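Commentary on secondary and tertiary structure
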Amino acid sequence: MSIATLPRTLRLGDLEVETPVVLAPMAGVTNAAFRQLCAEQGAGLYVCEMITSRGLVQGDKTSLAMLNFAPNEKFRSVQLYGVDPETIGRAVEILCADHGVDHVDLNFGCPVPKVTRKGGGAALPWKDVLLGQILTRAVAAAAPYGVPVTMKTRKGIDDEHLTYLDAGRIAQDAGCAAIALHGRTAVQHYSGHADWASIAELKASVDIPVLGNGDIWEAADAIRMVEETGCDGVVVGRGCLGRPWLFRDLAAAFAGETVVGLPTLGEVAAVMRRHAELLGGVMGEERGCIEFRKHIAWYLKGFSAGKEVRSRLGLVSSFADLDDLLGRLDPTEPYPVGELGTPRGRQGTPKKVSVPDGWLDSREISAPLDPLAEDATSGG
């Protein structure tokens, strides 16, 4: 696939995203401040942190507070999680009618044990009829508002219980605007390598757009994924941790332009300051600085910033302290090229997936799932 034939935009129903790039929801990371920071770097679809459908329907204050959007977000995009078709349908209608959401994504990729052991997350697509009911109900609820519904999933529970091709067929039949596939099973969690061949196989089996997810650390990885799989766009998660300028690089790469050079430590420090400022605008200065602490190790990964400065940055609670500490960094230090193309964020090791007793015996489901299968944990 040549640069001339790379997708330049991503169409989801009536929405046209300027660059075929989607920011994956990550709990505690992809809040309005981070999404604004990424959108300042380059065009894309920036998805809000995942919200449980039951929390939304029940008017949970924490869930509602997450529906906060940055002024530069062209599209209001929200990822929902749930296990009950009617509850998800009601949640979708609330999002469309009361919050002006432009796009709804449904998460069926979470591998967290406390979710899968109740039949939720990445375990749910094994029950293919239930999956179809959920998607059909969500699409019907969004249709009067012209809002496209998409879904995200994994290859399956494990290599013996793969579901992604069935999920693609079901999503297409339900009227979903696209399906995103993380090329790992739930057993893998975030370990090992993503199987891009599964993305290509899914793309060949459905007519709706397919988005590829997994192991996109640099813009070149995204281009290579599209070339190798034929997917219509990419979903980026851990690769942008401490590197929001990745979206600038992605926009340039998909436009066939030269990717801007690597930032110096001084330029990284300026982005760090902007990130903290945006968090402060949402949460207040002290809370914003405290929330920013988790990002420091990601931003400084590979740089030779001293142990004392790193340690004190981990305790920062005001913009003045942050400015003082960032000022102690060497602004001319070049970007650590050894970090390029390497995993960021959580990785871990393969883990057995906990599912309800007898879950794998049949793809049919005889009773409603336990509401505790819904948990405010993002992942996929």
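Shown above is the structure to which this text applies.
Definitions and cut-offs
Residues numbered from 1 in each chain as written. Predicted model: local features only at pLDDT ≥ 70, side-chain atom pairs only at ≥ 80, totals over all residues. Heavy atoms only, no water. Helix = DSSP H or I, 4+ residues; strand = E, 2+ residues; numbered from the N terminus. Contact = heavy atoms within 4.5 Å. Expected span 1.5 Å × (residues − 1). Bend = angle between axes of the 7 residues up to and from the residue. Buried < 20%, exposed > 50% of the residue type's maximum accessible area, 1.4 Å probe, protein only. Polar contact = N/O pair within 3.5 Å; in protein donor to acceptor, adjacent residues only side chain to side chain. Axes fitted to C-alpha atoms, helices over the stretch in contact; angles between N-to-C directions. Parallel < 35°, antiparallel > 145°, perpendicular 65-115°, else oblique. Left-handed = near helix turned anticlockwise from the far one by under 90°. Nonpolar A, V, L, I, M, F, W, Y, C, P; charged D, E, K, R; others polar. Salt bridge = Lys/Arg side-chain N within 4 Å of Asp/Glu carboxyl O. Phe/Tyr/Trp six-rings, centres within 6.5 Å; stacked < 30°, edge-to-face > 60°. Lys NZ or Arg CZ within 6 Å of the ring centre and 35° of its normal.

As for its placement among the helices and strands, R312 is situated in helix α13 (residues 307-313). In this structure, the C-alpha to C-alpha distance between R312 and R76, residues 236 residues apart in sequence, is 36 Å. In contact with R312, other than residues within four places in its own chain, are D324, L325 and R328.

It is worth spelling out helix α12 (residues 285-299) at this point. The end-to-end C-alpha distance of α12, which contains 15 residues, comes to 20 Å, matching closely the 21 Å that a straight helix rising 1.5 Å per residue would cover. If you look at α12, its biggest bend is around 40°, right at R293. Along α12, the residues that are buried comprise G288, C289, E291, F292, H295, I296 and Y299. Where α12 is buried, its residues contact α1 (32-41), α11 (265-283), α13 and α14 (319-326).

Right, let's get into the side chain of S191. Along the chain, S191 falls in the loop between β11 (178-182) and α8 (196-205). A residue is classified by how much of its surface remains accessible, and S191, at 6% relative accessible area, is buried. Within the structure, the side chain of S191 is placed 2.7 Å from the backbone oxygen of Q188, a separation counted as a polar contact. Other than its neighbours up to four places away in sequence, S191 contacts R184, Q347, G348, T349 and P350.

Our focus in this paragraph is the packing of helix α6 (residues 128-142) against helix α7 (residues 164-174). For the pair α6 and α7, the least separation of the axes is 9 Å and the interaxial angle reads 30°. The angle between α6 and α7 places the two elements in the roughly parallel class. Two packed elements cross with a definite hand, and for α6 against α7 that hand is right-handed. Residues D128, L131, G132, L135, T136 and V139 of α6 touch α7, and the partners they reach there are A167, I170, A171 and A174. Residue classes in the contact of α6 with α7 are distributed as seven nonpolar, two polar and one charged.

Below, the discussion takes up the pattern of salt bridges. Following the criterion strictly, the structure yields 22 salt bridges and no others. Where K74 meets E18, a salt bridge forms, and the shortest distance between an N and an O atom there is 3.5 Å. In this pair, K74 sits in the loop between α3 (61-65) and β6 (77-81) while E18 sits in the loop between β2 (15-17) and β3 (21-23), placing the two residues 56 residues apart along the sequence. For the salt bridge of R363 with D166, the shortest nitrogen-to-oxygen distance reads 2.7 Å. Here the residue R363 occupies a position in the segment after α14, and D166 occupies one in helix α7, the gap between them amounting to 197 residues. A residue is classified by how much of its surface remains accessible, and D166, at 26% relative accessible area, is partly exposed. The structure contains a network of salt bridges with shared partners spanning E40, R273, R274, E277 and D323.

A few words on the packing of aromatic side chains. The full count for this structure, using the stated rule, is four aromatic pairs. Ring centres 5.2 Å apart and planes at 75° place the aromatic pair Y46 and F247 in the edge-to-face group. A residue pair is termed long-range when its members are at least 10 positions apart, and Y46 in strand β4 (residues 45-46) and F247 in helix α10 (residues 246-254) qualify at 201 residues. Residue class for F247 comes out buried when judged on its relative accessible area of 1%. Between F292 and Y299 the ring centres are 6.0 Å apart and the planes differ by 35°, which places this aromatic pair in the tilted class. Grouping residues by exposure puts F292 and Y299 together as buried. An aromatic cluster is present here, built from W245, F303 and Y335 joined pairwise through their rings. The ring of F319 has R273 lying over it, and the distance from NZ or CZ to the ring centre is 4.6 Å.

A positive phi is found at H189, a non-glycine position, where the angle reads about 50°. With respect to the helices and strands, H189 occurs in the loop between β11 and α8. Residue class for H189 comes out buried when judged on its relative accessible area of 10%. We note that D215 has phi near 65°; this positive angle belongs to a residue other than glycine.

With that settled, the discussion passes to the packing of α7 against α8. The interhelical angle for the contact between α7 and α8, taken along N-to-C directions, is 35°, at an axis separation of 10 Å. The two elements α7 and α8 cross, and the hand of that crossing is right-handed. Residue-level inspection shows Y164, L165 and G168 of α7 in contact with α8, the latter providing S198, E201, L202 and S205. Here the contact of α7 with α8 is built from residues that sort into three nonpolar, three polar and one charged.

What follows deals with the side chain of N31. Assignment of secondary structure puts N31 in the loop between β3 and α1. Those residues in contact with N31 that lie beyond four places of it in its chain are E49, L279, M283 and E291.

Keep in mind these numbers describe shape, not what the thing actually does.
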